[in-house]
Amino acid sequence: MVVVIFRSHIDPQADMGGMEAMGNRMHELASAMPGFVSYKEFAAEDGESLTLVQFEDERTLLAWRHQHEHVQGQEIGRKSFFADYHIQVCKPIREYRFDRESGRVDLPVTP
């Protein structure tokens, strides 16, 4: 598993409709990629956005990173939508779940 943490601030001059359309298209493309696991977006009160994307492994993440339309979207995002962003690519070192029925369950972490 590989987790991408994408933190960003939107340029105040950005075309929000265009950005939303681009975001929808990127989600559509990413979720169709082999190895895609999940995509979640969050917004903080201070204006920062956080996107978490999970892929099965680095190979499948790199395929997404180099996907032609995604590369074009990155360029458009830098020019038209983002004031700034910060990306971290991480591998889990520990993973577990909790629910009231099963309690805490440790999950295997893939290298």
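Everything numeric in this text was worked out from a predicted model, so none of it was measured.

About the thresholds
- Residues numbered from 1 in each chain as written.
- Predicted model: local features only at pLDDT ≥ 70, side-chain atom pairs only at ≥ 80, totals over all residues.
- Heavy atoms only, no water.
- Phe/Tyr/Trp six-rings, centres within 6.5 Å; stacked < 30°, edge-to-face > 60°.
- Helix = DSSP H or I, 4+ residues; strand = E, 2+ residues; numbered from the N terminus.
- Buried < 20%, exposed > 50% of the residue type's maximum accessible area, 1.4 Å probe, protein only.
- Pairing = 2+ DSSP bridges.
- Axes fitted to C-alpha atoms, helices over the stretch in contact; angles between N-to-C directions.
- Contact = heavy atoms within 4.5 Å.

**Considering the packing of aromatic side chains**
- Tallying each qualifying case throughout the model produces four aromatic pairs.
- Aromatic side chains Phe-36 and Phe-55 sit 5.8 Å apart centroid to centroid with 85 degrees between the ring planes, which places their arrangement in the edge-to-face category. Of the two residues, Phe-36 sits in strand β2 (residues 36-43) while Phe-55 sits in strand β3 (residues 48-55), which places them 19 residues apart along the sequence. No difference in accessibility class separates Phe-36 from Phe-55, as the two residues are buried.
- An aromatic cluster is built from Phe-6, Phe-82 and Tyr-85, whose rings are joined through pairwise contacts.

**A closer look at the pairing of strand β1 (residues 2-10)**
- Note: β1 against β3, eight bridges, orientation antiparallel. Each bridged residue has a counterpart across the sheet, and for Ile-5 the counterpart in β3 is Leu-52.
- With eight bridges joining them, β1 and strand β4 (residues 82-90) adopt antiparallel strand pairing. Directly across from Arg-7, in β4, lies its bridge partner His-86.

**Observations regarding the sheet that holds β3**
- An order of β2-β3-β1-β4 is seen for the four strands of this open sheet, with the pairing classed as antiparallel. Looking at which strands have only one partner, the edges of the open sheet turn out to be β2 and β4. The sheet shows a mean angle of 15 degrees between the axes of neighbouring strands, taken without regard to direction.
- Its contacts with the sheet put helix α3 (residues 68-81) on β1 and β4, and the angle it makes with β4 is roughly 140 degrees.

**Overview of the side chain of Glu-48**
- Along the chain, Glu-48 turns up in strand β3.
- Glu-48 sits in the buried class, given a relative accessible area of 18%.
- When sequence neighbours within four positions are dropped, the list of residues in contact with Glu-48 reads Arg-7, Ser-8, His-9, Phe-42 and Ala-43.

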